[in-house]
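Summary of the model geometry
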Amino acid sequence: MRGEKVHRGNVYTCLLSVVSWGMARKQIRILHHGGAAGVTGSCHQLFWADGHSILIDCGLFQGDEEQESPEITFPLSSVKALVLTHVHIDHCGRIPYLMAAGFTGPIYCSEPSALLLPEMLADAFSLGISRSKQLLEEFLGKLKRMLYPIPYRQWQTISPEGSNQLRIRLHEAGHILGSAFVECAVLSERGIFSGDLG
């Protein structure tokens, strides 16, 4: 595996060339939509097959980085799922904006994070988007239908099926209740998104 990091404006791209025995050469690409040039706004997009990607985290920018817009400005047509490492606002706070931009896919997270996320985002929604109880209830209802809690150390398959499938597995990160680092497997290659550790 060979990696190359390229900076283009506010987006960092990491290209990983992956060769698997018996398979055609594949390219895995990672775009960082936050959390690369600074420490907040964690949002990473993993492309693993033509037209297929996942997001890992979708957090708000905070502190000196707060001038960054919370709006989702990148295309979502390839995004099959969101995988959440934990429920700190700089890792999950842009989920309402992601949903407003049209994302309707599953949100995979640990079982404790699935319980905590609606509470965290209810507060963020009321402070940053609207204080309307009706809008908040609609948002939380939709969010809860999108949540897919998965136990630690259990593989979860993300589309497409067949030889190009992506599998994810969460492992305890020891950061906060429910925190996880994400193991991703494509073909015979594996990679880790750490989230926050310890």
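The paragraphs below set out a description of the structure included in this document. (Residues numbered from 1 in each chain as written. Predicted model: local features only at pLDDT ≥ 70, side-chain atom pairs only at ≥ 80, totals over all residues. Heavy atoms only, no water.)

**Describing the overall build of the protein chain**
The secondary structure content of the protein chain amounts to 4 helices and 12 strands. Burial statistics for the protein chain: of 198 residues in total, 49% are counted as buried. In the protein chain, once contacts between residues fewer than 6 apart in sequence are set aside, the share between residues at least 24 apart is 53%. Put simply, the protein chain shows about 9,900 Å² of open surface, and 51% of that area lies on carbon and sulfur atoms. (Helix = DSSP H or I, 4+ residues; strand = E, 2+ residues; numbered from the N terminus. Buried < 20%, exposed > 50% of the residue type's maximum accessible area, 1.4 Å probe, protein only. Contact = heavy atoms within 4.5 Å. Areas by Shrake-Rupley, 256 points an atom, 1.4 Å probe, with all protein chains shown as cover.)

**Quick word on the nonpolar core**
Formed by 31 residues in total, the largest nonpolar core has its most connected members in Ile95, Leu117 and Leu143. Of all the elements in the fold, those that place two or more residues in this core are strand E6 (79-83), helix H1 (89-92), helix H2 (95-100), strand E7 (107-110), helix H3 (111-128) and helix H4 (133-146). For this core, the element with the most residues is H3, which contributes 6 residues. What Leu117 contacts, discounting residues up to four positions off in sequence, is Leu84, Val87, Cys92, Ile95, Leu143 and Leu147. (Core = buried A, V, L, I, M, F, W, Y, C linked by side-chain atoms within 4.5 Å.)

**Section: the pairing of strand E4 (residues 43-49)**
Counting buried residues along E4, 7 of its 7 residues qualify, which places the element largely inside the surrounding structure. Taken together, the 5 bridges between E4 and strand E5 (residues 52-56) define a ladder with antiparallel strand orientation. Paired with His44 across the two strands is Ile56, which belongs to E5. Here E4 folds back onto E5 in antiparallel fashion, the turn holding 2 residues, of which Gly51 has a positive phi close to 75 degrees. (Pairing = 2+ DSSP bridges.)

**Observations concerning the pattern of salt bridges**
A side chain of one charge can pair with a side chain of the opposite charge if their charged atoms are brought near each other. Scanning all chains against the criterion turns up 3 salt bridges. Across the salt bridge formed by Arg190 and Glu183, the nearest N and O atoms sit 3.1 Å from each other. On the basis of relative accessibility, which here comes to 8%, the residue Glu183 falls in the buried class. Ionic contacts of the salt-bridge type, sharing partners, join the residues Arg169, Glu183 and Arg190 into one network. (Salt bridge = Lys/Arg side-chain N within 4 Å of Asp/Glu carboxyl O.)

**Observations concerning the pairing of E7**
Bridge count between E6 and E7: 2 bridges; the pairing is parallel. Looking at E7, one finds that Leu82 is bridged to Ile107. Relative to strand E8 (residues 147-150), E7 runs parallel, the two sharing 4 bridges. Within the sheet, the bridge partner assigned to Tyr108 lies in E8 and is Tyr148.

**Points about the environment of Leu82**
With respect to the element layout, Leu82 can be found in strand E6. Sequence separation between Leu82 and Leu147 is 65 residues, and the spatial gap between their C-alpha atoms is 9.6 Å. Leave out the neighbours within four places in its chain, and Leu82 touches Leu55, Ile56, Asp57, Cys58, Ile95, Leu98, Phe103, Pro106, Ile107 and Tyr108.

**Things to note about the side chain of Ser110**
Inspection of the secondary structure puts Ser110 in strand E7. For Ser110, the side chain forms a polar contact with the side chain of Ser113, separated by 3.1 Å. Discounting chain neighbours no more than four positions away, the residues touching Ser110 are Pro149, Ile150, Tyr152, Leu170 and Gly178. (Polar contact = N/O pair within 3.5 Å; in protein donor to acceptor, adjacent residues only side chain to side chain.)

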